[in-house]
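Survey of secondary and tertiary structure
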Amino acid sequence: MALDTMRRRTRDLIARLREHGHREQADRVERQLADGVERQLSLHGLSRGALFALREACETLLTAVEAIDPVTQTMVEELRLEVEKRLRLSDAQETP
């Protein structure tokens, strides 16, 4: 999935959260998206523990969004797969 596509889908998720009255959660996801775009975080320099923590934090956020609005399940699952792909640790590095 291209980065632009991932950003577009995240914006779609933000809009859907707002439509369903979840403004605070939508604002939180939007801030995270803006922070990520501004920083253009390079994952190559992160330690295994940091990658593991980042992956777990993303998983927690996506699970919360899915619980708040089950209609977003497909979009959340696509984002979850993208996070897993980008933050995957090698099999020998699965634990921090």
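Residues numbered from 1 in each chain as written. Predicted model: local features only at pLDDT ≥ 70, side-chain atom pairs only at ≥ 80, totals over all residues. Heavy atoms only, no water.

A word on the overall build of the chain
Put simply, the test is: Put simply, DSSP marks the helices as runs of H or I at least four residues long and the strands as runs of E at least two long, and each gets a number from the N terminus on. Categorising residues by exposure relies on relative accessible area from a 1.4 Å probe, with only protein chains included: less than 20% of the type maximum marks a residue as buried, more than 50% marks it as exposed, and the intermediate range marks it as partly exposed. Contact between two residues is taken to exist if any of their heavy atoms lie within 4.5 Å; hydrogens are not considered. Residue exposure ignores everything except the shown protein chains as possible cover, and the areas themselves are Shrake-Rupley values with a 1.4 Å probe.
Each helix and strand counted, the chain has 4 helices and 0 strands in total. Within the chain, the proportion of its 96 residues that are buried is 25%. Long-range pairs, those at least 24 residues apart, make up 63% of the contacts in the chain with a sequence separation of at least 6. Here the chain displays about 6,400 Å² of accessible surface, and carbon together with sulfur accounts for 51% of that area.

What to know about helix H4 (residues 73-86)
Selection rule: For a helix, the expected span equals 1.5 Å multiplied by the number of residues minus one. This arc describes the spread of directions from the helix axis toward the C-beta atoms.
For H4, with 14 residues, the first-to-last C-alpha span of 20 Å sits near the 20 Å given by 1.5 Å per residue. Among all positions of H4, only Met 75, Val 76, Leu 79, Arg 80, Glu 82 and Val 83 are buried. Angularly, the buried residues of H4 cover 165 degrees about the axis, an arc narrow enough to put them on a single face. Across H4 from its buried face, at more than 90 degrees, point the exposed residues Thr 74 and Leu 81.

Considering the environment of Arg 88
Relative to the assigned elements, Arg 88 resides in the segment after H4. Residue class for Arg 88 comes out exposed when judged on its relative accessible area of 52%. Expressed as a C-alpha distance, the spacing of Arg 88 and Leu 51, which sit 37 residues apart in the sequence, is 8.0 Å.

With respect to the pattern of salt bridges
Worth spelling out the cut-off: The term salt bridge refers to a side-chain nitrogen of Lys or Arg lying within 4 Å of a carboxyl oxygen of Asp or Glu.
This structure, assessed with the given rule, holds 10 salt bridges. In this structure, Arg 18 and Asp 27 form a salt bridge, with 2.5 Å as the shortest nitrogen-oxygen distance. Arg 18 sits in the partly exposed class, given a relative accessible area of 26%. Note that Lys 85 is salt-bridged to Glu 82, the shortest N-O span being 3.6 Å.

Brief notes about the nonpolar core
A general tendency of soluble globular proteins is for nonpolar side chains to be buried together. Our working definition: Take the buried Ala, Val, Leu, Ile, Met, Phe, Trp, Tyr and Cys residues and link them wherever side-chain atoms come within 4.5 Å; each set so joined is a nonpolar core.
Formed by 15 residues in total, the largest nonpolar core has its most connected members in Leu 13, Leu 17 and Val 65. Beyond its immediate chain neighbours, meaning those up to four positions away, Leu 17 contacts His 22, Gln 25, Ala 26, Val 29, Val 65, Ile 68 and Asp 69.

Some points on helix H3 (residues 48-68)
Since the α-helix turns once every 3.6 residues, residues separated by three or four places project in the same direction. Counted at 1.5 Å a residue, the expected span for H3 with its 21 residues is 30 Å, and the 30 Å between its end C-alpha atoms agrees. All buried positions along H3 are accounted for by Leu 51, Arg 55, Leu 62, Val 65 and Glu 66. Here the buried residues of H3 occupy an arc of 100 degrees about the axis, which is enough to place them on one side. Along H3, exposed side chains directed more than 90 degrees from the buried face belong to Thr 60 and Ala 67.

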